[in-house]
Amino acid sequence: MSCCNQTKITEFLLLGFSGSYTHKLLLFFLCIMIYIMSLTVNSMIIGLCIGCQNLRSPMYFFLCHLIVNDIMLSTSVGPNLLSTLLKAGKTMSVSACVTQFFASGFFTGVECFLLTVMAYDRYLAICNPLHYISIMTSKYSLNLVMGSWIQMFLIVAVIITLTCSAGFCGNNTLDYIYCDYAPLLKLSCADVFIADLVRTILNIPGVILPLVIIITSYISIIISILRISTSTGRQKAFSTCSSHITVVCTYYGILIVKYSFPSKIESSVMNKTLSLLYTMVTPLLNPIIYSVRNKEIQKAFNKWFSARM
């Protein structure tokens, strides 16, 4: 048990990024620009998918849910981070901090599940095209998405309960950019060993298994593409999944590097920067990557733009 005999914490002081006020102000304007652009671009893609008949396939249905999740992920961190940058830290109640911890963890995990669902969708489309329509029905697509949201909700709820239910004690300073698992666990009055063990176990279905499914799916996809006789056919097949591969590599790459750091440097500038990248920057990059590489989205945007000229 950690710090059980110490004074219970009623509020946290979130430090955010260190540095001079000028540097924080520059970072503030950079973050607010990224956040506004992310909301704008993501909302535009959702509008195109809803309004265009050509973007009603399961792939775009999954993309819409990924974009909604990206908006929620950046919103769970962005506004609070912006407030922290304008001040010498930000005071947060325990309930507000735990809520942010739940939201950021939940949407981070859902992103992994949705990327897995999209990889499975591309696997069926390329490796089993004759049965794709009969398998990937609207009902099945909805079940995959709802299963992603519900399963991650349960996983994060267990982690939150074990980490936060006993309260917090000790030093109330969090040298981080948002309320995350590692900084909060250090101050938790719960059994740290049990909480960390359960989280490690839950990471198997929550993070590791989705990554294994994605890798397995793309190995099968690459083998199927290489069997296509014509170069045009291979190029067309690869173009349908190249955007998703880029997004997966970017998102999982940042997460792997972030959580590979030793616990002693959790509050380092590098760790904070990596957290900023996957919570604020990747939600902006994802729709851009899909838009640049996807001809259907480009056609829908050109049609929408031409109608308003």
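Cut-offs and rules
Residues numbered from 1 in each chain as written. Predicted model: local features only at pLDDT ≥ 70, side-chain atom pairs only at ≥ 80, totals over all residues. Heavy atoms only, no water. Helix = DSSP H or I, 4+ residues; strand = E, 2+ residues; numbered from the N terminus. Rg over C-alpha atoms; globule rule 2.2 N^0.38 Å. Buried < 20%, exposed > 50% of the residue type's maximum accessible area, 1.4 Å probe, protein only. Areas by Shrake-Rupley, 256 points an atom, 1.4 Å probe, with all protein chains shown as cover. Lys, Arg positive; Asp, Glu negative; His and termini not counted. Charge placed at Lys NZ, Arg CZ, Asp CG, Glu CD. Phe/Tyr/Trp six-rings, centres within 6.5 Å; stacked < 30°, edge-to-face > 60°. UniProt positions renumbered as here; feature names shortened; annotations may be inferred.

Observations concerning the overall build of the protein
Across its full length, the protein holds 11 helices and 3 strands. The secondary structure elements of the protein, listed N-terminal to C-terminal, are β-α-α-β-α-α-α-β-α-α-α-α-α-α. Over its C-alpha atoms the protein spans a radius of gyration of 21 Å, differing by no more than 12% from the 19 Å that the globule rule assigns to 309 residues. Taken across its 309 residues, the protein has 48% of its residues classed as buried. Summing over all exposed atoms, the protein offers an accessible surface of approximately 15300 Å²; the carbon and sulfur share of this is 69%. Taking the average location of the 20 positive side-chain charges in the protein and that of its 10 negative ones, the two points are 12 Å from each other.

Points about the packing of aromatic side chains
On inspection of all chains with the given rule, the structure shows 15 aromatic pairs. Centroid distance F107 to W149: 6.4 Å. Interplanar angle 80°. Geometry classified as edge-to-face. In this pair, F107 is assigned in helix α3 (residues 94–127) and W149 in helix α5 (residues 138–164), connecting sequence segments 42 residues apart. Assessed through its relative accessible area of 17%, W149 is described here as buried. Members of the aromatic cluster, each reached through a chain of ring pairs, are F102, F106, F107, W149 and F153.

Some points on the UniProt feature "transmembrane region" (unreviewed entry) in the protein
UniProt annotation of "transmembrane region" (unreviewed entry) refers to residues 25–48, 60–81, 101–120, 141–168, 207–226, 238–261 and 273–292 when read in the numbering used here. A helix fraction of 100% and a strand fraction of 0% characterise residues 60–81, whose end C-alpha atoms lie 31 Å from each other. The span residues 273–292 is 100% helix and 0% strand, and its two end C-alpha atoms sit 26 Å from each other.

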